[in-house]
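One-letter residues, chain by chain:
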Amino acid sequence: LASRELKPDDTIVQVGAVKIGGNRIVMIAGPCAVESREQMLSIGGAVREAGAVILRGGAFKPRSSPYAFQGLGEEGLKYLREAGDAYGMPVVSEIVSTTDVDMMKDYVHMFQIGARNMQNFELLKVVGKTGMPVLLKRGLSATIEEWLMAAEYLMSSGTDGVVLCERGIRTYERATRNTLDVSAIPVIQKLTHLPIIGDPSHATGIRDMVSPVSLAIVAAGASGLTVEVHDHPEKALSDGPQSLYPAQFEKLARDVQALAPVV
Ligand code: PEP
Ligand code: MN
């Protein structure tokens, strides 16, 4: 279903009023995790002003340590949605459990499947059955073929709105958190009609590297970016070191606009 051979034209995925796909750049931005109502309203306003059109924020966080902040759950989804509605942005948030699907679909416009769950096939089937758009992140050590088979799980279950997200893969290199596979962008575009965006935040793990890597993603032809932004990154409950300050995001958004047409 995902194959370009079967469907030569680019798929455009509709998320609320926003269309993802083709050569216009969609900017998704927001904090790694929803931490409070005030935080979401503050960051939501800042990223919208800068040019973001979709708001992100995790309510269920798949953390490496069980002792780290796990997210606010449904309360977090309420704050995310309130901020999205306040600034006219559809919202995306990660789902980690099949038991949350019914609850979450009333809050989010798009489900995110995280890297760690890319091959959680039961989750893919249940999320796919909703028919809602899905942001499918590449697994930490997934091949492109495995990634596309995960998209097939979603599509064969009932959703045609799958957006792929290259977020860096595990390699021997430790200078950055992950290694952005920039060539995945043209490879994916050859193999599938589904849109692909990039995540420079998880790819690098380092604030100062987010902007140059974002521009590389756009230059390679991706249809968008998802960027972590925090109003107080030094106090963030997760992924502070890779979160941009709002002013940095604003500059990045301007640099992206100089490079390619944006949505
Ligand atoms: C995230 O987007 O906050 C996240 C956890 O990403 P990934 O699944 O790519 O690690
Ligand atoms: Mn994160």
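See the structure above.
Report on the accompanying structure. Everything quoted here is computed from the prediction, not taken from an experiment.

Below, the discussion takes up the overall build of the chain. In terms of regular secondary structure, the chain is built from nine helices and 10 strands. In terms of overall size, the chain behaves like a compact globule, its C-alpha atoms giving a radius of gyration of 16 Å where 263 residues would be expected to give roughly 18 Å. Overall, the chain is about 45 × 40 × 40 Å in size when its C-alpha atoms are taken along their principal axes. A burial count over the chain gives 51% of its 263 residues as buried. Taking all contacts inside the chain whose residues are at least 6 apart in sequence as the whole, residues at least 24 apart take part in 68%.

Turning to unusual backbone geometry, a few remarks are in order. Even without a glycine there, the phi angle at D239 is positive, about 55°. Note on placement: D239 falls in the loop between β10 (224-228) and α9 (246-259). On the neighbour-count criterion, D239 (21 C-beta atoms within 10 Å) is buried.

M27, A52, L136, A151, V163 and L164 are the most contacted members of the largest nonpolar core, which has 79 residues in total. Counting residues per element, this core draws most heavily on helix α5 (residues 144-157), at six residues.

What follows concerns the environment of G161. Looking at the secondary structure, you find G161 in the loop between α5 and β8 (162-166). When the 22 C-beta atoms within 10 Å are taken as the criterion, G161 is described as buried. When the C-alpha atoms of G161 and L194 are compared, they prove to be 8.0 Å apart, with 33 residues separating the residues in sequence. What G161 contacts, discounting residues up to four positions off in sequence, is V13, Q14, P133 and V134.

The subject of this paragraph is the packing of helix α1 (residues 37-50) against α9. At a minimum axis separation of 9 Å, α1 and α9 run at an interaxial angle of 20°. On the basis of the axis angle, α1 is roughly parallel to α9. Every pair of crossing elements has a handedness; the one defined by α1 and α9 is right-handed. Counting all contacts with α1, which are made through A46, V47 and A50, the residues of α9 involved are P246, F249, E250 and A253. Considered class by class, the residues forming the contact of α1 with α9 number six nonpolar, no polar and one charged.

Neighbouring residues of ligand 1: C32, G58, P62, G114, A115, R116, K137, R167 and H202. Looking at side-chain class alone, the shell around ligand 1 contains three nonpolar, three polar and three charged residues.

Further remarks concern the pairing of β8. Burial runs high along β8: five of the five residues are buried. Side chains V162, L164 and E166 project from β8 onto one buried face, and the interleaved V163 and C165 project onto a second face that is buried too. Bridge count for strand β7 (residues 134-137) against β8 is four bridges, and the pairing is parallel. Within the sheet, the bridge partner assigned to L136 lies in β8 and is L164. Running through α5, the crossover from β7 to the neighbouring parallel element β8 is right-handed. Note: β8 against strand β9 (residues 196-198), three bridges, orientation parallel. Residue pairing in the sheet places L164 in a bridge with I196 of β9.

Below, the discussion takes up the packing of helix α4 (residues 121-129) against α5. Direction vectors running N to C along α4 and α5 enclose 40°, while the axes themselves pass 7 Å from each other. One way to sum up the angle between α4 and α5 is to call them oblique. Viewed along their axes, α4 and α5 form a crossing whose handedness is right-handed. Touching F121, L124, K125, V127, G128 and K129 of α4 are A150, Y153, L154, M155 and S157, all from α5.

Criteria and cut-off values
Residues numbered from 1 in each chain as written. Chains lettered and ligands numbered in written order. Predicted model: local features only at pLDDT ≥ 70, side-chain atom pairs only at ≥ 80, totals over all residues. Helix = DSSP H or I, 4+ residues; strand = E, 2+ residues; numbered from the N terminus. Rg over C-alpha atoms; globule rule 2.2 N^0.38 Å. Buried ≥ 20, exposed ≤ 12 C-beta atoms within 10 Å, placed from the backbone. Contact = placed C-beta atoms within 7 Å. Core = buried A, V, L, I, M, F, W, Y, C linked by C-beta atoms within 7 Å. Axes fitted to C-alpha atoms, helices over the stretch in contact; angles between N-to-C directions. Parallel < 35°, antiparallel > 145°, perpendicular 65-115°, else oblique. Left-handed = near helix turned anticlockwise from the far one by under 90°. Nonpolar A, V, L, I, M, F, W, Y, C, P; charged D, E, K, R; others polar. Near = placed C-beta within 6 Å. Pairing = 2+ DSSP bridges. Right-handed = clockwise from strand over helix to strand, strands pointing away.

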